[in-house]
Amino acid sequence: MTEQAAWARLTNPLVARAYHSARYRKLRDFPRSLVIESTSRCNLRCRMCPRGSMTRRTQDMPRALFDSLLDQIAEHDRRDMVDFVALHWFGEPLLHPDLLGFLERAGRRLPNLRRRGHLRSAVRGLCLSTNATLLSAELAQGLLDSPLTWLGLSVDGSSPETYATMREGGVFEQVAANVERLLALGRRHPREFPTIAIQVIVTRTTRPELGACLRRWEKHLAGIPHARVELKPYTDWAGQVCEPELEAPNRRRQFLYLNCGYLWDTMAVGAGGEVGLCCYDVNASHGLGNAGQTPLQEIWHGEPLTALRHRHARGELKELPLCRNCRMGRKYPLDYLWRRRRR
């Protein structure tokens, strides 16, 4: 065991408890953020995505389940307790045949989300992320006219060759044309929402093209309020993806775990109602419950999630590899100080 690993193992439980006591003193009555998987189907095979290990059923979320979730969320939206609802997770949402209908009903039932969307520097409100491969003119117009407050469009790289190394099954020229058409529609009829984010994952392959990518989209973004290019950091999905050609291995796994906070403010619901540990939990296999059978609030306060929160608060992650190997809980001050010490 290295000096670093031994030091972390000895001190982590005490530090984790102290950090938790200071940051998460009280559990919210209902999740602040909800990830709702409109479909778990996808039309691409991306190198940086853990879908290759997904064993749960691929399906579209039934309308009855979605409406039931909206009914439950709406009760808390009226109390202004919900900041964020996303209709994507591990699937490509444009594959859902009634996506625009889902968005319309969500906007009507959750009116306070629109106000949250005014926080432009963060992803808030009613949100959607798509790989844009299926972004027809009709869907583009529908998304612009929908109650969305934030729309993410994944366009990795500025050349067909680089894109092909990232997203197998997609065609760069078609994706770029789809995004350009949506931006042209947005320029023709300016509107307050959605915020449009053209997203590029920063990897070893895309990094040399970032300048060219920014220049490419600058001219298309001109004249469109609240449209921008966003650079997303690469993630190995808590060790579930091993692609050293894209990014170096995660060297922070042995650092102090100080709690990402996900279990205290967010819930992810799969297309079949299965509830995941977090948005990295591709198989939702931790037995937390099914939203098609149990109310969200009951799952939120249920024994499985409560037990997991206790383990996180104590830094006891030995039997939770998804958390043990995750970077999200290792980005706080003591981690920074430890890195400074090792320089």
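Residues numbered from 1 in each chain as written. Predicted model: local features only at pLDDT ≥ 70, side-chain atom pairs only at ≥ 80, totals over all residues. Heavy atoms only, no water.

J.: Can you walk me through empty space enclosed by the protein in this structure?
T.: Any empty space left between atoms is shown by rolling a water-sized probe over those atoms. Under the definition given, this model contains three cavities of 30 Å³ or more. Computed from the structure, the largest cavity encloses a volume of approximately 60 Å³. Every residue lining the largest cavity is listed: Leu144, Gly186, Pro190, Arg191, Phe193, Pro194, Ile196, Ile224 and Pro225. Taken together, the residues that form the lining of the largest cavity break down as seven nonpolar, one polar and one charged. (1 Å grid on protein atoms, 1.4 Å probe; cavity = no way out; pocket = protein on both sides within 12 Å on 5 of 7 lines; lining within 4 Å. Points joined across faces, edges and corners; volume = space filled by probe spheres on them. Nonpolar A, V, L, I, M, F, W, Y, C, P; charged D, E, K, R; others polar.)

J.: How should the confidence of the model for the protein be read in this particular structure?
T.: One rule of thumb: low pLDDT means the predicted coordinates there are not for detailed reading. Scored by pLDDT, the protein comes out at a mean of 87, with 87% of its residues at no less than 70. Note that residues 331-336 has pLDDT below 50 and, in this model, twelve contacts with residues that lie over four places away or in other chains. (pLDDT = per-residue confidence, 0-100. Contact = heavy atoms within 4.5 Å.)

J.: I would appreciate a short explanation of unusual backbone geometry in the present structure.
T.: What is expected of a backbone is that most residues other than glycine have negative phi and most peptide bonds are trans. For the bond from Phe193 to Pro194, the omega torsion is 0°, close enough to zero to count as cis. Here Pro194 shows up in the loop between helix 7 (172-188) and strand 7 (195-202). Positive phi values are uncommon outside glycine, yet Ala132 reaches one of about 70°. Position of Ala132 relative to the elements: it lies in the loop between strand 4 (125-130) and helix 5 (137-145). You can call Ala132 buried: its relative accessible area is 0%. Not every positive phi belongs to a glycine, and Ala284 is a case in point at roughly 45°. Mapped onto the elements, Ala284 comes out in the loop between strand 10 (275-276) and helix 10 (296-300). (Helix = DSSP H or I, 4+ residues; strand = E, 2+ residues; numbered from the N terminus. Buried < 20%, exposed > 50% of the residue type's maximum accessible area, 1.4 Å probe, protein only.)

J.: Before we go on, may I ask you to explain the sheet that holds strand 1 (residues 33-36) in this structure?
T.: Spatially, the eight strands line up as an open sheet ordered 8-7-5-4-3-1-9-10, and their pairing is mixed. Two strands close off the open sheet at either side, each with one partner strand: strand 8 (227-233) and strand 10. Bridging between strand 3 (residues 84-86) and strand 4 involves three bridges; their strand directions are parallel. Bridge pairing in strand 4 links Ala86 to Cys127. (Pairing = 2+ DSSP bridges.)

J.: Would you take a moment to explain helix 5 for this structure?
T.: Residues that lie three or four places apart on an α-helix share one face, since the helix turns once every 3.6 residues. For helix 5, the set of buried residues is Leu139, Ala140, Gly142, Leu143 and Leu144. Check the buried side of helix 5 and you find it contacts helix 3 (99-109), strand 4, strand 5 (150-154), helix 7 and strand 7.

J.: Whenever I open this one, the pairing of strand 5 confuses me. Can you help?
T.: For a regular strand, the rule is simple: side chains alternate between the two faces of the sheet. Burial analysis of strand 5 places five of its five residues in the buried class, which makes it a mostly covered element. A two-sided burial pattern is seen for strand 5, the buried positions comprising Trp150, Gly152 and Ser154 on one face and Leu151 and Leu153 on the other. Relative to strand 5, strand 4 runs parallel, the two sharing four bridges. Residue Ser129 lies in a different strand from strand 5, and its bridge partner there is Gly152. Here strand 5 runs beside strand 7; their pairing, made up of five bridges, is parallel. Looking at strand 7, one finds that Ser154 is bridged to Gln199.

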